[in-house]
Amino acid sequence: MFKKDFPYFQKSKTVYLDNGATTQKPKVVIDSQIEYYETYCANTHRSNFGHANKATQEFEKTRTLLKEFINASKKEEIIFTKGVTESINFIASSFAKDFKTVIISSLEHHSNIVPWHMQGRTLGAGIEVVNCGENLDFDFEHFEELLKTNPNAFVSITHISNAFGKIHDIKTITKLAHEYGAVVMVDGAQSLSHLKVDVKDLDVDFFAISGHKTFAPTGVGAIYIKENFLKDIKPYQTGGATIHEVDFTASTLLDSPYKFEAGTQNIAGIIGFGKAIEYINHVHYENILSMEHNVYKYLDDELKKLPNIIFYNDIKDSIGSRSFNFEGIIHDDIGILLDKMGVAVRVGHHCAQPIMKKLGIKGTIRVSTAFYNDYVDVDNLIDALEKALGMLKD
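The shown structure was predicted, so the numbers you read here are calculated from the model rather than taken from an experiment.

Rules used in this analysis
- Residues numbered from 1 in each chain as written.
- Predicted model: local features only at pLDDT ≥ 70, side-chain atom pairs only at ≥ 80, totals over all residues.
- Heavy atoms only, no water.
- Pairing = 2+ DSSP bridges.
- Helix = DSSP H or I, 4+ residues; strand = E, 2+ residues; numbered from the N terminus.
- Phe/Tyr/Trp six-rings, centres within 6.5 Å; stacked < 30°, edge-to-face > 60°.
- Buried < 20%, exposed > 50% of the residue type's maximum accessible area, 1.4 Å probe, protein only.
- Lys NZ or Arg CZ within 6 Å of the ring centre and 35° of its normal.
- Salt bridge = Lys/Arg side-chain N within 4 Å of Asp/Glu carboxyl O.
- Contact = heavy atoms within 4.5 Å.
- Polar contact = N/O pair within 3.5 Å; in protein donor to acceptor, adjacent residues only side chain to side chain.
- Axes fitted to C-alpha atoms, helices over the stretch in contact; angles between N-to-C directions.
- Parallel < 35°, antiparallel > 145°, perpendicular 65-115°, else oblique.
- Left-handed = near helix turned anticlockwise from the far one by under 90°.
- Nonpolar A, V, L, I, M, F, W, Y, C, P; charged D, E, K, R; others polar.
- Core = buried A, V, L, I, M, F, W, Y, C linked by side-chain atoms within 4.5 Å.

Draft legend 1. View of the sheet that holds strand 6 (residues 154-158). Taking strand neighbours across the sheet as the criterion, the eight strands line up as 2-9-8-7-6-3-5-4 in an open arrangement whose pairing is mixed. Unpaired on one side and paired on the other, strand 2 (78-81) and strand 4 (122-123) mark the two borders of the sheet. By the bridge criterion, five bridges tie strand 8 (residues 206-210) to strand 9 (residues 221-225) in an arrangement that is antiparallel. By the bridge assignment, A208 is partnered in strand 9 with I223.

Structure below.
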């Protein structure tokens, strides 16, 4: 129904099922990039001629849109970054480094593991990991034990697992963490393309946002910072656009958000992010949820009909990504054959090696959907998988 809004699907016959890596972009987003570069390309927050003013207004419009989109209290709580990876590194190095203990989940992406290693933290020595159950469920009893043993910790948890689509109950996690004086950051890389997020309702302290996984251009994202933390955070980097006054003896910085956004930003990308938000508002999350859940359930039902398939969780409390393997078959071989048949999926560890090691596997075949995927896409995938399995068994 909505594929007509995405030029990729008009120009490519590929069955695109790698949305966990990046989503396709609607025409309104692509057009906004061209319009900026062709008709009013100028820097923001500096000059006061007409095109510079328009660029600044369109840039700041996205901040307001995003603030309303996630129900933040103030636009000052929205800081633009390159994406979730930079957002996590920013908070890790500028704030969380001072915490004795960081608590993460078993399902984290490398972007929420490696930054802590760069601080010299290791498991049991600055990092604690919450166990997960057989269905990859978050172990709340173990989490509370860790909170009791490590009061006033920094909790950094993914909202939706990129590798398995598992949704963590962030509201409950945050409530429990706050009872023990912990601060909570959420990796929301996979969130906004699937679910409506209300940061006030979740009561999170930090929420990292991806643009390119939310139908916006690459190289764009944001970090939501609850207002009461803004004065405690040191800038990740400084320079142009962050400064109130400078001489050779000292510098004074602007207030948030500008003191955190050094240098020239990805102006076109951020304007495009705003258009992506408007597009999602046009589609409505009610429609997104309905379409996605129906196709996701159909995908699961059809995959279960294939012989010797191995799943690692069911689809309860999951969305977006479905990971599996076939007994006795290397997942890379499946990926190569599917590509030859025009079906794009991802195979490998999905930047989540620790959970793969826990499961005793090197990786999986991952099918990741978005609301524009339909039953025909699933049928084409199943047909290609059946052919690939036939070839690999001969």
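Draft legend 2. Representation of the packing of aromatic side chains within the structure. Applying the stated criterion across every chain yields a total of 33 aromatic pairs. Where F6 meets F9, the ring centres are 6.1 Å apart and the plane angle is 65°; that geometry is what we call edge-to-face. Judged on exposure class, the residue F6 and its partner F9 are both buried. Aromatic pair F324 and F326: ring centres 5.7 Å apart, planes at 80°, arrangement edge-to-face. You'll find F324 and F326 in the same group, each marked buried. Feature note: the residues F2, F6, Y8, F9, Y16, F215, Y279, F371 and Y372 constitute an aromatic cluster, connected by ring pairs. Stacked on the ring of F9, the Lys or Arg K3 has its end atom at 5.3 Å from the ring centre. In this arrangement the basic side chain of K54 is found over the ring face of Y40, its NZ or CZ atom lying 4.5 Å from the centre.

Draft legend 3. The arrangement of the pattern of salt bridges in detail. Applying the stated criterion across every chain, the model contains 23 salt bridges. Here K54 and E35 are joined by a salt bridge, their closest N and O atoms 3.9 Å apart. Of this pair, K54 sits in helix 3 (residues 50-69) while E35 sits in helix 2 (residues 27-39), placing them 19 residues apart in sequence. The partner of R63 in a salt bridge is E261, with the nearest N and O atoms 2.8 Å apart. Note that R63 is positioned in helix 3 and E261 in the loop between strand 11 (251-253) and helix 9 (267-283), a separation of 198 residues in sequence. On the basis of relative accessible area, R63 is assigned to the buried category, the value being 0%.

Draft legend 4. Here's a closer look at the environment of H212. Its place among the elements puts H212 in the loop between strand 8 and strand 9. Sequence-distant contacts of H212, that is, excluding residues within four places in its chain, are made with A21, T22, T23, K25, P217, T218 and V220. Only 2.8 Å separates the side chain of H212 from the side chain of T22, close enough to count as a polar contact.

Draft legend 5. A look at the packing of helix 6 (residues 140-149) against helix 7 (residues 170-179). Packing of helix 6 against helix 7 brings their axes to within 10 Å, and their N-to-C directions diverge by 25°. With respect to each other, helix 6 and helix 7 are oriented roughly parallel. Pair helix 6 / helix 7 crosses with right-handed handedness. Here F140, F143, E144 and L147 of helix 6 come into contact with helix 7, specifically with T172, I173, L176 and A177. Its residues placed into classes, the contact of helix 6 with helix 7 shows six nonpolar, one polar and one charged.

Draft legend 6. Inspection of the pairing of strand 5 (residues 126-130) at higher detail. Within strand 5, four of the five residues are buried, which leaves the element mostly enclosed by the surrounding structure. Of the pairings in the sheet, the one linking strand 3 (residues 102-105) to strand 5 comprises four bridges and is parallel in character. Along strand 5, the bridge assignment pairs I103 with E128. Relative to strand 5, strand 4 is paired through two bridges, and the arrangement is parallel. Looking at strand 5, one finds that L123 is bridged to I127.

Draft legend 7. Spatial organisation of the environment of S256. The residue S256 is located in the loop between strand 11 and helix 9 in this model. The class for S256 is buried, based on a relative accessible area of 11%. The spacing of S256 and E86 is 170 residues in sequence and 17 Å in space, taken between C-alpha atoms. Setting aside anything within four residues of it in sequence, one finds S256 in contact with E76, I79 and L230.

Draft legend 8. Representation of the nonpolar core. In terms of nonpolar packing, the biggest core is built from 59 residues, with L66, I70, F143, V155, F207 and F371 touching the most fellow members. With 10 residues, the top contributor of residues to this core is helix 9. Among all residues touching L66, those that are not within four sequence positions of it are I78, F80, I209, A222, F273 and I277. Residues I91, A96, W116 and A189 belong to the second largest nonpolar core, which totals 26 residues.

Draft legend 9. The arrangement of the sheet that holds strand 13 (residues 321-326) in detail. In spatial order, the strands read 12-13-16-15; together these four strands make up an open sheet with antiparallel pairing. With one partner strand each, in any of the chains shown, strand 12 (309-311) and strand 15 (346-348) form the two edges of the open sheet. This sheet shows a mean twist of 35° between the axes of neighbouring strands, independent of strand direction. Across three bridges, the pairing between strand 12 and strand 13 is antiparallel. In the strand pairing of strand 13, I309 is matched with F326. Packing of helix 10 (residues 285-303) onto the sheet brings it into contact with strand 12, strand 13 and strand 16 (364-368), and relative to strand 13 it is tilted by some 5°.

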